[in-house]
Amino acid sequence: MDEFALKSFEEASLNEILKQADMSKGSLYHHFGDKFGLYLAMMDIIVNKKLSYFYPILRQNAEDTSDFFAMLKEIMKGTLEFMLEDERLHHLFNRVMEEREDFRSRVYSFFPMDYAGNFSEFVRQAVQSGQIDTRYPPDFVAKVVEIMFANIHKLVSVGDPNELLNIATQVVDMIQYGISR
């Protein structure tokens with residue numbers, strides 16, 4: 001996990017992974033098939049862990065979309081809880097977004113949950129209900145929010161959970177109210 005969290009898939013050294021895990025190449029190939037199989041196993045752990053934070057929020061808000069920005073704050077809180085549990089999980093999950101498009105598509109094809117699609121649907125509903133200005137295309141809004149969530153750790157210098165949550169709330173408020181007077 002450390003190697004994949006620090007480096008892209010291509011740059012990650014299988015030899016370094018084997019050395020740190022005190023594992024033989026034969027054992028790796030037996031259990032995972034290859035480096036990509038190991039990567040998928042790591043992503044499976046991360047996706048399941050992250051979804052354990054988000055499924056309850058998404059289920060709760062699937063029926064009541066009357067306050068999109070309150071839902072964003074709940075998702076942000078879940079993101080922070082996920083990050084604080086093990087920062088490597090968050091970095092590895094976000095690193096996928098930095099990989100080549102063909103690699104991302106290959107990885108995503110193994111995971112049936114369409115979180116981005118579900119979130120985009122919440123954004124579309126918020127546009128339809130007048131919570132988001134119709135000047136902004138829903139897919140654009142969803143992508144901006146995704147980028148902000150993925151990079152929230154860059155806005156804070158301390159790991160204090162209360163400060164992180166405060167920053168997250170400010171980010172959602174800025175999205176909701178803008179930065180103009």
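Not measured: the values here are computed from a predicted model.

## Remarks on the overall build of the chain
Okay, so step 1: When you go through the chain residue by residue, the secondary structure sums to 10 helices and 0 strands.
Okay, so step 2: Starting at the N terminus and walking to the C terminus, you meet the elements of the chain as α-α-α-α-α-α-α-α-α-α.
Okay, so step 3: In terms of overall dimensions, the chain has C-alpha extents of about 60 × 35 × 25 Å along its principal axes.
Okay, so step 4: Taken across its 181 residues, the chain has 38% of its residues classed as buried.
Okay, so step 5: For the chain, long-range pairs separated by at least 24 residues make up 68% of all intrachain contacts whose partners lie at least 6 apart in sequence.
Okay, so step 6: With the model as given, the accessible surface of the chain reaches about 10,700 Å², and the carbon-plus-sulfur share is 52%.

## Regarding the packing of aromatic side chains
Okay, so step 1: Here the structure, examined in full by the defined rule, presents 9 aromatic pairs.
Okay, so step 2: Ring geometry for F4 and Y39: centres 4.9 Å apart, planes at 90°, overall edge-to-face. With a gap of 35 residues between them, F4 in helix 1 (residues 2-6) and Y39 in helix 4 (residues 35-63) connect regions that are remote in the sequence. When sorted by exposure, F4 lands in the same class as Y39, which is buried.
Okay, so step 3: For the pair F68 and F69, a centre-to-centre distance of 5.2 Å together with 85° between the ring planes defines the contact as edge-to-face.
Okay, so step 4: The exposure class assigned to F69 is buried, which follows from its relative accessible area of 7%.
Okay, so step 5: An aromatic cluster of at least three residues, connected via ring pairs, comprises F4, F9, F36, Y39, F103 and F110.
Okay, so step 6: Directly above the ring of F9 sits K35, whose terminal nitrogen or CZ lies 4.7 Å from the centroid.

## As for helix 6 (residues 87-98)
One turn of an α-helix holds 3.6 residues; hence residues three or four places apart share an orientation.
Okay, so step 1: Between the first and last C-alpha of helix 6 there are 17 Å, a value that for 12 residues agrees with the 16 Å anticipated at 1.5 Å per step.
Okay, so step 2: Three or more residues of helix 6 are buried, namely L89, H90, L92, N94, R95 and V96.

## Re the pattern of salt bridges
Okay, so step 1: A complete count under the given rule lists 11 salt bridges for this structure.
Okay, so step 2: A salt bridge links E101 to R104; the shortest N-O distance between them is 2.2 Å. With E101 and R104 both in helix 7 (residues 101-108) and 3 residues apart, this pair spans about one turn of that helix.
Okay, so step 3: For R104, a relative accessible area of 16% gives the class buried.
Okay, so step 4: As a salt-bridge pair, E146 and K143 come within 3.6 Å of each other at their nearest N and O atoms. Of this pair, E146 and K143 both sit in helix 9 (residues 138-150), 3 residues apart, which is roughly one turn of the helix.
Okay, so step 5: Exposure remark for K143: the relative accessible area of 44% places this residue in the partly exposed category.

About the criteria used
Residues numbered from 1 in each chain as written. Predicted model: local features only at pLDDT ≥ 70, side-chain atom pairs only at ≥ 80, totals over all residues. Heavy atoms only, no water. Helix = DSSP H or I, 4+ residues; strand = E, 2+ residues; numbered from the N terminus. Buried < 20%, exposed > 50% of the residue type's maximum accessible area, 1.4 Å probe, protein only. Contact = heavy atoms within 4.5 Å. Areas by Shrake-Rupley, 256 points an atom, 1.4 Å probe, with all protein chains shown as cover. Phe/Tyr/Trp six-rings, centres within 6.5 Å; stacked < 30°, edge-to-face > 60°. Lys NZ or Arg CZ within 6 Å of the ring centre and 35° of its normal. Expected span 1.5 Å × (residues − 1). Salt bridge = Lys/Arg side-chain N within 4 Å of Asp/Glu carboxyl O.

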